[in-house]
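# Understanding the architecture of this molecule
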Amino acid sequence: MPHIEITHDLPGISGLFAQRPDTAGVLSGLAETLLRSGPSPLSRGERELIAAYVSHLNCTAFCAGSHSAFAAAQLEGGAELVASVLADPDTAAITPLLRSLLKVAAEVQAKAAPVSDEAIAAARAVGATDTHIHDTVLIAAAFAMFNRYVNGLATDVPSDPAFYGVAAELIVQHGYGAAH
């Protein structure tokens, strides 16, 4: 049961956005820029995968489920690939670059401290640019905040897993502005 009264029947951040449209617009705009519209060497699917991975590490079921579905809808390999990354990025069928960026994201998720020189060097060794590293760190940091917002208020998780597929269609076609 959520810690605050949610006057809508929407789970997770969706309910919080419906409750507080003033903050929903700002937060949706941030997600839109980070995951879809902002220039990045990472594809939309890769950016969503980083968000899903950080949310998974943070044990935020709603965000992990949502962003896993959003990533699956935009990545070759779909849900099977996403599930393999969440289970073990070291053995998943992803590029060495993406694997190294997920390690960077995991360090950002774990603590508010500089990413290790080793993780940065490993990412650079497989082709990461400053922009790859910047975007990964910013997505991971933002999702640490989104996850804490959703978990901190004890929001509901959808009772029907099909919710995520429907949400994925909406986000992939219309972006995060449609989410509030």
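Okay, so let's go over this structure. Predicted, not measured: the structure shown is a model, and the values here were computed from it.

Here we take up the pattern of salt bridges. When their charged atoms lie close together, side chains carrying opposite charge are able to pair. In total, this model carries four salt bridges according to the counting rule given. A salt bridge links Asp130 to Arg124; the nearest nitrogen and oxygen atoms lie 2.5 Å apart. Asp130 gets classed as exposed once you look at its relative accessible area, which sits at 54%. Here Arg124 falls in the partly exposed class, since its relative accessible area comes to 42%.

The final tally for this structure, using the stated rule, is one cavity of 30 Å³ or more. Roughly 40 Å³ of volume is contained in the largest cavity. Every residue lining the largest cavity is listed: Pro2, Ile6, Leu10, Pro11, Gly12, Gly15, Leu16, Thr155 and Asp156. Looking at the lining of the largest cavity residue by residue, the class counts come to five nonpolar, three polar and one charged.

The next subject is the state of the cysteines. For the coordinates displayed, the defined rule picks out zero disulfides. Cysteine Cys59 shares no disulfide, and the gap to the nearest cysteine sulfur, in Cys63, comes to 12 Å. By relative accessible area, Cys59 is classed as exposed at 64%. Since its relative accessible area comes to 3%, Cys63 is described here as buried.

Rules used throughout
Residues numbered from 1 in each chain as written. Predicted model: local features only at pLDDT ≥ 70, side-chain atom pairs only at ≥ 80, totals over all residues. Heavy atoms only, no water. Salt bridge = Lys/Arg side-chain N within 4 Å of Asp/Glu carboxyl O. Buried < 20%, exposed > 50% of the residue type's maximum accessible area, 1.4 Å probe, protein only. 1 Å grid on protein atoms, 1.4 Å probe; cavity = no way out; pocket = protein on both sides within 12 Å on 5 of 7 lines; lining within 4 Å. Points joined across faces, edges and corners; volume = space filled by probe spheres on them. Nonpolar A, V, L, I, M, F, W, Y, C, P; charged D, E, K, R; others polar. Disulfide = S-S within 2.5 Å.

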